[in-house]
Amino acid sequence: MPSAPAARPRVLSGIQPTADSFHLGNYLGALRQWVALQEDFETYYFIANQHAITVEQDPKVLLERTLVSVAQLLAAGVDPVRSTIFVQSQVPAHNQLAWVMECLTGFGEARRMTQFKDKSAKGGEGAASVGLFTYPILQAADILLYRPQYVPVGEDQRQHLELTRDVANRFNHRYKKTFRAPEPYILESTAKIYDLQLPEKQMSKSIGGQGCVWVLDDPQVLTKKFRSAVTDSETEIRFDREAKPGVSNLLTIHSALSGEKVEALEATFEGRGYGDLKSEVAEVVLETLTPLRERTRELLGDRAELERILAGGAERAGAVAEATLRDVYDRVGFLPPAR
């Protein structure tokens, strides 16, 4: 009698809906890799809209951005049959587990989180919300509810994953073995994508402007951004992050999307000008983003279908999350969650 297929390792990741579109760095660093992870893992992907309100948001804009984010995930190839796609606020167990984890986290431990220190430094700690202070603990609850084996992380999230592992182990020690300490999943090496106008800084929504390439940019806008990309006063097209950050960034983008090695691109563009490089990179980016943008708009034309997909995702995610919460409540000494 054939043995049952082995369960695939579970992976969980989330992304905030804090811009009108994901940018090219998000696409290459997260979305494209989320699609690939579906092949070998049981994948859970969520829109972290509760984390988004640690800073002030316009409610109508936040709702729209949430749906736009979901549409972009689907357009990029995240499959709602193979992956569980859901919105954080639609699974109440996230908040319920967060309170238990807050009671296991030291004040000093939370205060040491780098992102809180960085973000609160801008307006002063007194102006920062309690939500900004505690959101790494909600993030720990987001993860632990699903008991994943792996969590894809970038460098800026490693500290938060370590906190998650610490509180999981603390809970297991104080009560009973309940959680696995999730391991970081190191995504395939993806070159960092830098701002087209400030090529010494990573592309980000906080910088925005003409140097940020948005997935949903119109073709004319996108082409103009590449045409005006900062290069240097030389003429040679070669990869040199220190001496030629702008040219190097353009070569990196081309390579990441076309699959051609940077060395081969240097040979292709030998003796040619920066204008040729900018035009060809724009074409390569358009080839990737145009169908993604058109599919996103098509999906947004049927809000009822998007909401149906999210309802199904919330039901699947909720079943897993509530099973974990029941175990936690039993071990802490709470009555079981009311249905």
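Residues numbered from 1 in each chain as written. Predicted model: local features only at pLDDT ≥ 70, side-chain atom pairs only at ≥ 80, totals over all residues. Heavy atoms only, no water.

Q: So what about the pairing of strand β3 (residues 83-87)? Which residues, and what values?
A: Of all 5 residues that make up β3, 5 are buried, and the element is covered over most of its length. Burial along β3 is two-sided: the face carrying Ser-83, Ile-85 and Val-87 and the face carrying Thr-84 and Phe-86 are both buried. Bridge count between strand β2 (residues 42-47) and β3: 5 bridges; the pairing is parallel. Looking across to β3, one finds that Phe-46 is bridged to Phe-86. (Buried < 20%, exposed > 50% of the residue type's maximum accessible area, 1.4 Å probe, protein only. Helix = DSSP H or I, 4+ residues; strand = E, 2+ residues; numbered from the N terminus. Pairing = 2+ DSSP bridges.)

Q: How would you explain the pairing of strand β1 (residues 10-15) if you had to name every residue and give the values?
A: Counting buried positions over the 6 residues of β1 gives 5, a clear majority of the element. Looking at chain direction, β1 and β2 are connected through 6 bridges and run parallel. Each bridged residue has a counterpart across the sheet, and for Val-11 the counterpart in β2 is Thr-43. Between the parallel elements β1 and β2, the chain passes through helix α1 (residues 24-37) in a crossover that is right-handed. (Right-handed = clockwise from strand over helix to strand, strands pointing away.)

Q: Can you lay out the pattern of salt bridges for me, pointing to particular residues and giving the numbers?
A: Taken as a whole, this structure holds 19 salt bridges when the rule is applied. In this structure, Arg-272 and Asp-276 form a salt bridge, with 3.4 Å as the shortest nitrogen-oxygen distance. Residue Asp-276 is classed as partly exposed on the basis of its relative accessible area of 37%. Among the ionic contacts, a cluster of salt bridges with common partners joins Asp-232, Glu-234, Glu-236, Arg-238, Asp-240 and Lys-244. (Salt bridge = Lys/Arg side-chain N within 4 Å of Asp/Glu carboxyl O.)

Q: Please provide a residue-by-residue account of the UniProt feature "binding site: ATP" (unreviewed entry) in the protein, values included.
A: Taking the UniProt record as the reference, the feature "binding site: ATP" (unreviewed entry) is found at Gln-16, Pro-17, Thr-18, Gly-25, Asn-26, Gly-154, Glu-155, Asp-156 and Ile-193. Inspection of the secondary structure assignment puts Gln-16 in the loop between β1 and α1. With a relative accessible area of 29%, Gln-16 lands in the partly exposed category. Among residues more than four places away in sequence, those in contact with Gln-16 are Phe-22, Ala-48, His-51 and Ala-52. Structurally, Ile-193 can be placed in the loop between β5 (183-185) and α9 (219-227). Not counting chain neighbours up to four residues away, the residues in contact with Ile-193 comprise Leu-24, Gly-25, Leu-28, Gln-202, Met-203, Asn-249, Thr-252 and Ile-253. (UniProt positions renumbered as here; feature names shortened; annotations may be inferred. Contact = heavy atoms within 4.5 Å.)

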